[in-house]
Amino acid sequence: MEEVLSEETIRIVKSTAPAMKQHGYRIITHMYSTLFAEHPEIASMFRKEDHTVQPGESYERQPLLVAQAVHAYAFHIDNLTALEPAIQRITHKHVFADVRPEHYQIVGEHLMQSVRLILGEAATPEVCQAWQEAYDFLAGLFIQTEARIRHSLG
C-alpha cells in the first residue's frame, strides 16, 4: 500500500468528484447487487432494511450513505483531515459489524467493476488506475484504524 497518494492520483480522483456525486448512487447500488450475489456471507453483515427503500424515502439508505462517502472522499482527497470524523465513525461501525481486512479486496473489485460499467467511456484507464490507488489507500487506512480499535477494545 502506498503511504501517500501521488499528486496525479489526487488530481484525477478529485476531478471525478462531480461524476461521483451524479452517478455514485447507481455505482454503489450496482456494487452491492453484484457483491451480495457473489458473496452472501457479506450480505449477511448488513441490515436488510438499509438496502430497501423505506416508506417516505427515495433511496436505499446504505448505498446512499456509501455514495455520499465516495463523493466526499473524491472531493476532499487533497485534504483528508476533513474526513477524519467520518473515517472514525465508519471504522467503528466496521469493527462492530466484524468487517475484516480480506473484505476490502472483495469490495474493491466490485466497486471498480461498477465504476467501469456505470461511468462507461468516462472510466478511462487513468481514472480507473487512480481510483484503484485511492481505494487501496483508503482501505489500508481503514484496516489500520480498525486494528487499533479492536486492540483498544481488548
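Let us look at the structure shown here.

## Here we look at the overall build of the protein
Okay, so step 1: Along the backbone of the protein there are seven helices and zero strands.
Okay, so step 2: Ordering the α and β elements of the protein from the N terminus gives α-α-α-α-α-α-α.
Okay, so step 3: Since a compact globule built from 154 residues should have a radius of gyration of about 15 Å, the 15 Å found for the protein is in line with a globular shape.
Okay, so step 4: For the protein, the proportion of its 154 residues judged to be buried stands at 40%.
Okay, so step 5: Sequence separation of at least 24 residues holds for 80% of the intrachain contacts in the protein that already meet a minimum separation of 6.

## Regarding the packing of helix α2 (residues 17–38) against helix α6 (residues 101–119)
Okay, so step 1: Orientation of α2 relative to α6, taken along the N-to-C sense of each, is 130°, at an axis distance of 8 Å. Classed by the angle they form, the pair α2 and α6 counts as oblique. Note on packing geometry: the crossing formed by α2 with α6 is right-handed. Touching Ala19, Met20, His23, Arg26, Ile27, Ile28, His30, Met31, Thr34, Leu35 and Glu38 of α2 are Ile106, Val107, His110, Leu111, Ser114, Val115, Leu117, Ile118 and Leu119, all from α6.

## Points about helix α5 (residues 84–97)
Okay, so step 1: Counted at 1.5 Å a residue, the expected span for α5 with its 14 residues is 20 Å, and the 20 Å between its end C-alpha atoms agrees.
Okay, so step 2: Residues of α5 that are buried include every one of Ile87, Thr91, His94 and Val95, and no others. Taken down its axis, α5 places every buried residue within 100° of arc, on the same side. In this structure, α5 carries Pro85, Lys93 and Phe96 as exposed residues pointing more than 90 degrees from its buried face.
Okay, so step 3: Looking at the packing, one finds that the buried side of α5 touches α6 and α7 (125–153).

## Quick word on the environment of Ala82
Okay, so step 1: Counting through the fold element by element, Ala82 comes out in the loop between α4 (61–76) and α5.
Okay, so step 2: For Ala82, a relative accessible area of 39% puts it in the partly exposed group.

## Concerning the nonpolar core
Burial of nonpolar side chains together is a common tendency in soluble globular proteins.
Okay, so step 1: Ile27, Ile28, Tyr73 and Trp131 are the most contacted members of the largest nonpolar core, which has 39 residues in total.
Okay, so step 2: Secondary-structure elements contributing two or more residues to this core are α1 (7–15), α2, α4, α6 and α7.
Okay, so step 3: Beyond its immediate chain neighbours, meaning those up to four positions away, Tyr73 contacts Leu5, Leu80, Leu83, Trp131, Ala134, Phe137 and Leu138.

## Observations concerning the packing of aromatic side chains
Okay, so step 1: Counted according to the given criterion, the structure contains six aromatic pairs.
Okay, so step 2: Judged by centre distance (5.2 Å) and plane angle (45°), the rings of Tyr32 and Phe36 are tilted. Placement of the pair is Tyr32 and Phe36 together in helix α2, with a separation of four residues, close to one helical turn.
Okay, so step 3: Between Tyr104 and Phe142, the aromatic rings sit 6.3 Å apart at their centres with planes inclined by 90°, giving edge-to-face as the arrangement.

## Section: unusual backbone geometry
Apart from glycine, the bulk of residues carry a negative phi angle, and the bulk of peptide bonds sit in the trans form.
Okay, so step 1: Residue Asp98 is not a glycine yet carries a positive backbone phi of 65°.
Okay, so step 2: Position of Asp98 among the secondary structure elements: in the loop between α5 and α6.
Okay, so step 3: Judged by relative accessible area, Asp98 falls into the partly exposed class, the value being 39%.

Thresholds, definitions, all that
- Residues numbered from 1 in each chain as written.
- Predicted model: local features only at pLDDT ≥ 70, side-chain atom pairs only at ≥ 80, totals over all residues.
- Heavy atoms only, no water.
- Helix = DSSP H or I, 4+ residues; strand = E, 2+ residues; numbered from the N terminus.
- Rg over C-alpha atoms; globule rule 2.2 N^0.38 Å.
- Buried < 20%, exposed > 50% of the residue type's maximum accessible area, 1.4 Å probe, protein only.
- Contact = heavy atoms within 4.5 Å.
- Axes fitted to C-alpha atoms, helices over the stretch in contact; angles between N-to-C directions.
- Parallel < 35°, antiparallel > 145°, perpendicular 65-115°, else oblique.
- Left-handed = near helix turned anticlockwise from the far one by under 90°.
- Expected span 1.5 Å × (residues − 1).
- Arc of directions from axis to C-beta.
- Core = buried A, V, L, I, M, F, W, Y, C linked by side-chain atoms within 4.5 Å.
- Phe/Tyr/Trp six-rings, centres within 6.5 Å; stacked < 30°, edge-to-face > 60°.

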